[in-house]
Amino acid sequence: MAHEKGWTEYYLNNSRSNYRIEDGADFDDKSNYNFYDNQTLDLEYPESNFSTDDYCSSNYSHVYLNVTCQFPVNYAEPMYGYIAPFLLATTTVANTLIVVVLSRRHMRTPTNVVLMAMALCDMFTMLFPAPWLFYMYTFGNHYKPLSPVQACHAWNYMNDVIPAMFHTASIWLTLALAVQRYIYVCHAPVARTWCTMPRVKKCLIYIGVAAFLHQFPRFFEKEYVPHFTVWRGHREEVCRGKLAPWLYKISVDGYFTAYFTFRVLFVHLIPCTSLVVLNVLLFRAMRTAQVNRQKLFKESRKNECKRLSDSNCTTLMLIVVVTVFLLVEIPVAVVTILHIISSTLVEILDYDIANKLILVTNFCIILSYPINFAIYCGMSRQFRETFKELFIRGAVTSRNGGSSRYSLVNGPRTCTNETVL
């Protein structure tokens, strides 16, 4: 079927597990490795005068899992082999510090709980694939066939399925954060009812469960079996992958159509569109509040002026967080939609270019992970003060210097022009 072919091809490009399934059909050059049920091929990887491009465009060793051809190695190796380890260390340290600081008793607010969950999801999105990225790209093993079967399953789960689950949760948490702030700013009386700590915690649980259920079928959609081949003059046991039999029972076409339709709509298109709209509304509300603040200042109503200033700065900080998120997520959404159009309607993408686009957009996402820590430190006085109390010896700050330690809708606040989270 044309649609089955298209969806499977889209899946291989989007998930970094490149394959194509067509019962009894020949495989074209877009397939990075093929699956044959009752065939064992003894193939040798040529050792001389044979470049990576030649290897990937040939029929050599495509029957087993080998990541050399999944992405352009000239791009993947420096990005994921040399730069990613530093990003992983930075992200792990930065997001751990965010969680430690925001989990302090005086910092526990509904907004901070969402920010902590986002930090954890971003960190786990990088932590799970990290061992495989190091093995494949940092240590230069990407050209080797992967074995045994358990390693191939681990590669699939840790490099593709689990990171996608945490990243999906992070996207929905960012949307929840923007909705929460919109309620705080534009519907403050409702915030007393809907933005309480118990409701926010329930929302986080719902998001986590939904993200898990979204990725749950992907734990079972592939099977890997032992496969023997001759590699560099030695008989090696590698692993050969295929789609699970249950997919053929329910229709491969139907499965991929349902999965990617849901993902495009509810993970990319609707969240990104909603975040753009909410950002615009929050910015307008912030501008209006700034005008009101000037009036209050002229009327010498200092307490109300400070409260409004705190709310504005918190809104501005969260707008910056959401904007950074959108800058890296919108390109991913666009590439995903183009893939689906190319796979189902009319072929408009060169898949070599598409693989490079996916590689770069995914890398931009992990580049953005350490940025939130810098935003919090730069825009939140209370975050900085709490950080100093925890990690800098002798740094003692006061949190009782304002007219009130707590704001009506967003927990602790200061009486400066900087935000409290």
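One can find the structure itself at the top, above this paragraph.
Note that the structure is predicted; figures quoted are calculated from it, not measured. (Residues numbered from 1 in each chain as written. Predicted model: local features only at pLDDT ≥ 70, side-chain atom pairs only at ≥ 80, totals over all residues. Heavy atoms only, no water.)

### A word on the pairing of strand β1 (residues 222–231)
As a reminder, the rule being used: One bridge is not enough; two strands pair if DSSP finds at least two bridges between them. We count a stretch as a helix when DSSP gives it H or I for four or more residues in a row; a strand needs E for two or more, and each element gets its number in order from the N terminus.
With 10 bridges joining them, β1 and strand β2 (residues 234–243) adopt antiparallel strand pairing. Residue pairing in the sheet places W231 in a bridge with H234 of β2.

### Let's talk about the state of the cysteines
Just so we agree on the cut-off: Here, two cysteine sulfur atoms that lie within 2.5 Å of each other are counted as a disulfide. Throughout, exposure labels follow a simple rule: accessible area from a 1.4 Å probe, protein chains only, divided by the maximum for the residue type, with under 20% read as buried, over 50% as exposed, and the rest as partly exposed.
All told, the structure shown has one disulfide when counted by the stated rule. The residue that forms a disulfide with C152 is C239, at a sulfur-sulfur distance of 1.5 Å. Taken together, the residues span a long stretch of sequence, with C152 in helix α6 (residues 149–186) and C239 in strand β2 at a distance of 87 residues. Of the two residues, C152 and C239, both sit in the buried class.

### Examining the nonpolar core
Within soluble globular proteins, side chains that are nonpolar generally end up buried alongside one another. What counts is decided by this rule: Here, nonpolar core refers to any group of buried Ala, Val, Leu, Ile, Met, Phe, Trp, Tyr and Cys residues whose side-chain atoms link them within 4.5 Å.
Counting residues in each nonpolar core, the largest one holds 48 residues, and the members touching the most others are Y376 and F383. Contributions of two or more residues to this core are made by α3 (73–102), α4 (110–127), α6, α8 (197–215), α10 (252–298), α11 (302–344) and α13 (371–379). With 12 residues, the single largest contributor to this core is α6.

### Overview of empty space enclosed by the protein
How we decide: With a 1 Å grid laid over protein atoms only, a set of points is called a cavity when a 1.4 Å probe fits there but cannot get out and a pocket when it is open yet has protein on both sides within 12 Å along at least five of seven lines; lining residues have an atom within 4 Å of a point. Grid points are joined across faces, edges and corners, and a volume is the space filled by probe spheres set on the points. Any residue that is not Ala, Val, Leu, Ile, Met, Phe, Trp, Tyr, Cys, Pro, Asp, Glu, Lys or Arg is counted as polar, Gly included; the first ten are nonpolar and the last four charged.
Throughout the structure, instances matching the rule amount to four cavities of 30 Å³ or more. Here the second largest cavity is characterised by a volume of approximately 150 Å³. Around the second largest cavity, the lining is made up of 14 residues, and of these D122, F325, S368, Y369 and N372 lie nearest the centre. Those elements that place two or more of their residues in the lining of the second largest cavity are α4, α6, α11 and α12 (351–368). The element that contributes the greatest number of residues to the lining of the second largest cavity is α11, accounting for five residues. For the lining of the second largest cavity, the class distribution of residues is seven nonpolar, five polar and two charged.

### Concerning the environment of P370
Of note, P370 is situated in the loop between α12 and α13. Its relative accessible area of 15% is what places P370 among the buried residues. As for P370 and T91, which are separated by 279 residues in sequence, their C-alpha atoms are 4.8 Å apart.

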